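Each chain is listed here by its residues.
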Amino acid sequence: MMCFPDVPFPDDFPNFIYHGKLQEYITAFAREKDLLKYIQFERLVTSVTKRCDFSVTGQWDITTEKDGKKESTIFDAVMICSGHHVYPNIPKESFPGLKDFKGQCLHSRDYKEPGIWKGKRVLVIGLGNSGCDIAAELSHTAEQVMISSRSGSWVMSRVWDDGYPWDMVFITRFQTLLKNNLPTAVSDWWYVKQMNARFKHENYGLMPLNGTLRKEPVFNDELPARILCGTVSIKPNVKKFTKTAAIFEDGTMFEAIDCVIFATGYGYAYPFLDESIIRSRNNVVTLFKGIFPPQLEKSTLAVIGLVQSLGAAIPTTDLQARWAAQVIKGTCVLPSVKDMMDDIDKKMGKKRKLFGKSETIQTDYIDYMDELASFIGAKPNIPWLFLTDPKLAVEVFFGPCSPYQFRLVGPGKWSGARNAILTQWDRTLKPTSTRIVGDLQKPSVCFHLFKFLAIPILFIALFLMLI
């Protein structure tokens, strides 16, 4: 889909999305503006190559295919927005004996509904969000469900302290400030304490092997209850398969298995693009801020969505696209190749320390969003806000880091952003308050202020006790 800056969105524009008429609307608008030739729907991109004069023009030759017919078009810039959940990953080579297994094997992408597994015995490999969701759902109909996990996971509830949505109280600038400035030992202790707030993961067989790594947790409100009542069991990695069973690394066995569901994630690749463009070093994807190939002569190619953070994906990709558009237009200039490569190396070292060696596309949500926003002047100035608009500043700093914050200033500034931030809790709590029993109870800023002041006071007290 192609978007235009002056699209006159109608009042009932959401209906075009809900009723599947978005393509129809965009086509009609493009026809009216004589832009139809620039839009192509449902075409397979088979090739993206630099033009011979790329170092001067930055243009690309794009070849697409539909119904066996190929077309080639010249574009000034390209955004690759396929994300990182593209190709299902089934690591068959990691499971000896799997080729002899007589039951059914499928990837989590092919799982549709639990009814067909009624009375069956199912093994789910993988303790990520998909694996846990599938296992919890199957546990209501299957005879027995087991989850095999190689390294364990933190399992968080979507409902957090005092019944508020977890991301609105967990992902805040205040929390990020503490995490980034506390000593590592204290930060790790605090992180593990937060992850174990709902239940002790050790008691449920879920404890990660390295619990202090900030790997993406699993969000599942039902799994602990299903484990507690015995309909889901947690096992270590599968050592090998037999024709009908799985033998785990602890020596136990799950017999008479009807199906193995591989919730083992996805891979990503760009078969239409020369690998040297984005795999510029050691056959590893090398992108400045996870978006721009640093060694291109012209910055007219951007990869959108190849990051993973403990925050919403849509606002992240939105901010990536906003920055990429400014770079492509020429209103933002990227640093030198050396500076970009140095930044990539620095960030990679930090990521491996925080998230582990295998989590190279993972990033911290607020830090990353602020980095992107700073390039286009959309990052809110918190100290200035405290001086000029204290009410808004308190909500921005202690409250949820919602996408409205990145519409207060800069390109794409929205006049309604301030009011949207100040009233976000009203909209969040309205669906839960269909039976009115009193005033809405919003999170207390005073409690956050108390924590903010209590921590340095505690460190001062400890220091005075030791001297």
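Since the structure is predicted, the reported quantities are computational estimates derived from the model, not experimental observations.

Rules of the game
- Residues numbered from 1 in each chain as written.
- Predicted model: local features only at pLDDT ≥ 70, side-chain atom pairs only at ≥ 80, totals over all residues.
- Heavy atoms only, no water.
- Pairing = 2+ DSSP bridges.
- Helix = DSSP H or I, 4+ residues; strand = E, 2+ residues; numbered from the N terminus.
- 1 Å grid on protein atoms, 1.4 Å probe; cavity = no way out; pocket = protein on both sides within 12 Å on 5 of 7 lines; lining within 4 Å.
- Points joined across faces, edges and corners; volume = space filled by probe spheres on them.
- Axes fitted to C-alpha atoms, helices over the stretch in contact; angles between N-to-C directions.

Caption draft 1: Focus on the sheet that holds strand β12 (residues 238-241). Spatial ordering of the open sheet is given by β12-β13-β14, a layout of three strands whose pairing is antiparallel. With one partner strand each, in any of the chains shown, β12 and β14 (253-254) form the two edges of the open sheet. Here strand β13 (residues 246-248) pairs with β14 via two bridges, running antiparallel. Opposite Ala246, over in β14, you have Phe254 as the bridge partner.

Caption draft 2: Here's a closer look at empty space enclosed by the protein. The tally for this structure, following the rule as stated, stands at one cavity of 30 Å³ or more. Here the largest cavity is characterised by a volume of approximately 30 Å³. What lines the largest cavity is simply Pro315, Asp318, Leu319, Arg322, Met369, Pro403 and Phe406. At four residues, helix α10 (residues 313-329) tops the list of elements feeding residues into the lining of the largest cavity.

Caption draft 3: Structural context of the sheet that holds strand β3 (residues 69-75). Overall, antiparallel pairing links the three strands, which are arranged β1-β2-β3 in an open sheet. Lying at the two open borders of the sheet, with one neighbouring strand each, are β1 (44-50) and β3. Adjacent strand axes in the sheet meet at a mean angle of 20° when their direction is disregarded. Bridge count for β1 against strand β2 (residues 60-66) is six bridges, and the pairing is antiparallel. Within β2, the position partnered with Ser47 by the bridge is Thr63.

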